[in-house]
Each structure stands twice: as C-alpha cells, then as structure tokens.
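# Residue-level structure breakdown
Below, each chain spelled out in residue letters.
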Amino acid sequence: QVQLVESGGGLVQPGGSLRLSCAASGSIFSIYTMGWYRQAPGKQREWVADIYSGSTTYYADSVKGRFTISGDNAKNTVYLQMNSLKPEETAVYYCKANIRATTRGRGDYWGQGTQVTVSS
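Description of the structure in this document. It should be emphasised that the depicted structure is a prediction, and the values quoted were computed from it without experimental measurement. (Residues numbered from 1 in each chain as written. Predicted model: local features only at pLDDT ≥ 70, side-chain atom pairs only at ≥ 80, totals over all residues. Heavy atoms only, no water.)

## Some thoughts on the layout of surface pockets
By volume, the largest pocket amounts to about 310 Å³. Of all the elements in the fold, those that place two or more residues in the lining of the largest pocket are β4 (28-39), β5 (46-52), β7 (67-72) and β8 (77-82). Here the lining of the largest pocket is composed, by residue class, of seven nonpolar, nine polar and one charged. Looking at the second largest pocket, its volume works out to about 170 Å³. Residue lining of the second largest pocket: 13 residues in total, with Arg38, Lys43, Glu46, Glu88 and Glu89 positioned closest to the centre. Per-class residue counts for the lining of the second largest pocket are two nonpolar, four polar and seven charged. (1 Å grid on protein atoms, 1.4 Å probe; cavity = no way out; pocket = protein on both sides within 12 Å on 5 of 7 lines; lining within 4 Å. Points joined across faces, edges and corners; volume = space filled by probe spheres on them. Helix = DSSP H or I, 4+ residues; strand = E, 2+ residues; numbered from the N terminus. Nonpolar A, V, L, I, M, F, W, Y, C, P; charged D, E, K, R; others polar.)

Put into structure tokens, the structure is as follows:
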C-alpha cells in the first residue's frame, strides 16, 4: 500500500529549469532512500541522483553541478531541481524509493514517471 507519485514535468527550452517532485504515501514505516532515474525513448533507464538518510546525496556525473536533489521529511517528498537542461535529457523521469512499509519488509518502490521534454 505504498505509492509514489511524480509531478512537475513538462516542456522547457534548452538551458531552462524544472523542479520535479515525488510524494510517497500509504502504509510507510520508514523511508531509507529516495532517488531519481530517467529513461529516454529507445534507451535503458539511467540513474540520476539519490538522497540517503542524513541528507547525503549522490549524482550521476552527467548532471553534477546542474541538478540538486533534496527532501522534505514532513511531507515524505523528494525534489529534483534541474538547471541548464539539455535536449538529450528529454526523458520520462521516475522516482524510486527504498521503504519499509508498516506491514512489509524493506523494499523498492517506483513511481509511474513524469515526462520532461527539452526542446526549442
């Protein structure tokens, strides 16, 4: 009974910015990590960024210096601030969380994705 819902995607011009949100809800006991992946048409899903307990963050080399992952514990929400976006970063962006549910053990959960299109 855990759900992840992404929002904030849309159309943006090259060099522009977007902020994605991912809200976790349901029977959550504890959230250990949350992160972002993306998948462009015809390509494999690619890891983008993670945030761990204690606010430790990790980024793929391709987005370092441009993207920032952060979280709001009170809202069970993670954000991805994306700056200086490039056309090749057009993709569906997915939220992933490692969660212990109230009635289950620790496991991974995925959102349904939000479309980001970078085009002039």
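That was the structure; now back to the text.
## Looking at the state of the cysteines
This structure, assessed with the given rule, holds one disulfide. For cysteine 22, the disulfide goes to cysteine 95, at an S-S distance of 2.1 Å. Note on the cysteine 22 and cysteine 95 pair: the S-S dihedral is about -85°, so by sign convention the disulfide is left-handed. Of the two residues, cysteine 22 sits in strand β3 (residues 18-26) while cysteine 95 sits in strand β9 (residues 91-101), which places them 73 residues apart along the sequence. Neither residue differs from the other here; cysteine 22 and cysteine 95 are each classed as buried. (Disulfide = S-S within 2.5 Å. Buried < 20%, exposed > 50% of the residue type's maximum accessible area, 1.4 Å probe, protein only.)

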